[in-house]
Every structure is written in C-alpha cells, then in structure tokens.
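Working through the structure, step by step
This is what each chain is made of:
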Amino acid sequence: MEPNQQVFDEDVSVFTDMALMPAERITLRRLAPRINEIEMLDLGVGTGRTSWTFAPLVKRYVGLDYSPRMAEAARKRLENEPNVEVLLGDARDLTSIEGDFDFILFSFNAIDAASPEGRLEILDQVHAKLKPRGLFQFSTHNLGTLPFDTRRPLSPRFGNMRAYRLYALGAGIRYAQRIRKINRSLDLTAARQRGWVVIPSMSHNFRIQDYYIDPQFQVEQLHEHGFDLVAMLDQNGRKVTLPHSSRDPWFDCLCTPTVT
Ligand SMILES: C[S@@+](CC[C@H](N)C(=O)[O-])C[C@H]1O[C@@H](n2cnc3c(N)ncnc32)[C@H](O)[C@@H]1O
C-alpha cells in the first residue's frame with residue numbers, strides 16, 4: 001500500500017460520524033426533486049458516512065475505496081440496502097466500473113491524499129464516468145489556511161471538563177511545536193505562485209501528506225480537465241465568491257462537464 005492509503009486503512013475506527021456536512025446537505029437538496037432517478041458513485045466512501053443518507057434514496061449507489069478495511073466497514077453498514085455495491089478500488093482508475101453516473105462524490109478532502117499527478121488522473125477518470133449533465137462534488141484543503149494556526153482546537157464535546165483541559169494544555173504544547181516545524185518548512189511564496197502545495201496535514205495526526213490548493217487555481221485546474229464550476233461552498237455550506245480569502249481549512253466544489 002502507498003503511505004496515505006496505509007494510514008486510512010489503519011484509522012478505520014476514527015470514522016464513526018454518519019452526518020452529512022453542510023455542503024453535502026445543500027447538494028442533497030439540489031438533487032432531491034429527482035433523487036430516485038440518480039445513479040451515484042461515492043469515491044473514498046470510507047465507513048459509509050455519506051452512503052448512510054444517499055444510498056437508500058438513489059436508484060443505483062456504488063461506493064469505492066482503496067482501503068480494504070474501509071470498504072469492508074461500508075459494506076457491512078449497507079448490507080441491507082438494495083441497489084448498493086461497495087467496491088475495492090482506486091479512484092485513479094475507474095475503468096472497471098460499469099455504466100456512468102449522474103452524481104459523483106469524493107468527500108472529506110479525500111482527493112487531497114492523491115499525489116499531484118494522481119489528482120489530475122482522478123479528475124479525468126471522473127470526467128469519463130459522468131453523464132453529460134452530471135455533477136461532481138469534492139472537498140479540498142484551502143491553501144489560504146496556511147500557515148497553520150499553532151493553537152490546537154479544543155474538542156467541543158469535552159472542552160469544559162477540567163481533566164480534558166489539563167490534558168489539552170500538554171497536548172497543545174506538543175501540537176504547537178509540530179505545527180511550527182511544518183510552517184517553517186513551507187515555502188508559501190512558491191506555493192502561492194504554483195497554486196498548491198503538499199504537506200503533512202493535521203488530520204490523522206500529521207501522518208497523511210495532503211494537497212492544499214488555492215480556490216481560484218482550483219477553478220482553473222477544473223477547466224483544464226473539462227469541468228465548469230457550478231458552485232464553491234464554504235464549511236457552512238455558504239456560496240463562496242472568488243477571490244476567496246478565507247482561512248477555512250477546506251471548501252467544496254460542485255462542478256459539471258463543460259458543454260462543448
Ligand atoms: C477522509 S476519509 C473520508 C471517508 C468518507 N468519504 C467520509 O466523508 O466520511 C477518506 C477515504 O478515502 C479513501 N481514499 C483516499 N484516496 C483514495 C483513492 N485514490 N481511491 C479510493 N479511495 C481513496 C480512504 O481510504 C478513506 O477511506
């Protein structure tokens with residue numbers, strides 16, 4: 001397995017949440033009038049967070065993950081759903097999947113775990129698997145969030161417990177040291193000129209190398225791979241207008257194949 005793939009496979013127990021994120025709820029609303037006609041491909045399906053809502057509603061649902069343990073967990077969660085398949089496979093090669101799709105989702109910044117070349121392969125593969133008026137949604141890390149904030153976010157669940165706050169103090173010091181090291185290693189001027197950078201990301205305790213992209217450059221990258229942007233959404237599901245100067249850690253893109 002590749003290093004990022006290995007981390008996902010080890011971290012299967014982290015993914016317990018089944019709620020849709022705000023930008024995904026917006027899309028669900030957009031698709032609602034014809035949801036039972038939709039054929040959906042869910043890339044990097046993980047343990048089935050998004051399947052939990054979408055799979056029972058759509059006409060055909062295919063989930064795909066390159067981590068055997070993630071794919072197995074999603075399969076278990078969906079075992080009673082008809083018209084559902086969970087496949088083990090890599091989003092960089094979708095050629096063995098039958099048919100094409102009205103909606104392809106690659107949620108929770110999973111596209112960022114691919115190498116820069118892998119990301120472009122994924123865009124091309126998704127393009128080939130989308131119906132002409134189909135929708136592709138993915139979230140991606142925002143270059144504008146860099147340099148990282150050295151303050152470790154407190155857990156909203158435990159933030160007012162004394163024992164947790166004491167633990168968080170120690171953990172916060174170690175966290176700040178690691179963040180400073182990553183920030184020092186960053187050449188932000190070069191990253192901004194290029195439009196992206198690959199660095200260790202906070203998720204999975206810095207074990208994943210993630211791609212961070214400038215929102216405007218993301219639109220250009222999509223154009224080069226045959227997509228038009230339908231909407232860019234922030235973490236609260238609000239429409240973003242470019243230039244996007246927010247320090248939000250990520251944003252969602254909703255796009256469709258360019259009409260030629
Ligand atoms: C951050 S988790 C997100 C899981 C789920 N989509 C969610 O939103 O909760 C990323 C998932 O994408 C999978 N993944 C990452 N890159 C992939 C690729 N190139 N092909 C298939 N799966 C991939 C990982 O194994 C992991 O299960």
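Before reading on, note that the structure itself is shown above.
Residues numbered from 1 in each chain as written. Predicted model: local features only at pLDDT ≥ 70, side-chain atom pairs only at ≥ 80, totals over all residues.

Across the five residues that make up strand β7 (residues 209–213), a large majority, four, are buried. Where strand β5 (residues 130–142) meets β7, two bridges bridge the pair, whose relative direction is parallel. Looking at the pairing, H141 lines up with Y212 of β7. Direction of pairing for strand β6 (residues 196–200) relative to β7: antiparallel, over a ladder of five bridges. When the sheet's bridge partners are listed, V198 is paired in β7 with Y211. (Buried ≥ 20, exposed ≤ 12 C-beta atoms within 10 Å, placed from the backbone. Helix = DSSP H or I, 4+ residues; strand = E, 2+ residues; numbered from the N terminus. Pairing = 2+ DSSP bridges.)

The next point concerns the site of the ligand. Taken together, 21 residues lie around the ligand, and F8, G44, G46, R49 and F108 are the ones closest in. Every element with two or more residues in the shell around the ligand is listed here: α3 (49–54) and β2 (60–65). Of the residues assigned to the shell around the ligand, the class counts are 12 nonpolar, five polar and four charged. (Near = placed C-beta within 6 Å. Nonpolar A, V, L, I, M, F, W, Y, C, P; charged D, E, K, R; others polar.)

What follows is about helix α6 (residues 162–185). Here α6 is 24 residues long and its end C-alpha atoms lie 35 Å apart, about the 34 Å a rise of 1.5 Å per residue gives. Burial of α6 is sparse: only zero of the 24 residues sit out of reach of the surface. (Expected span 1.5 Å × (residues − 1).)

So, about the environment of I173. Locating I173 in the fold gives a position in helix α6. Taking the C-alpha atoms as reference points, I173 and A190, separated by 17 residues in sequence, lie 29 Å from one another.

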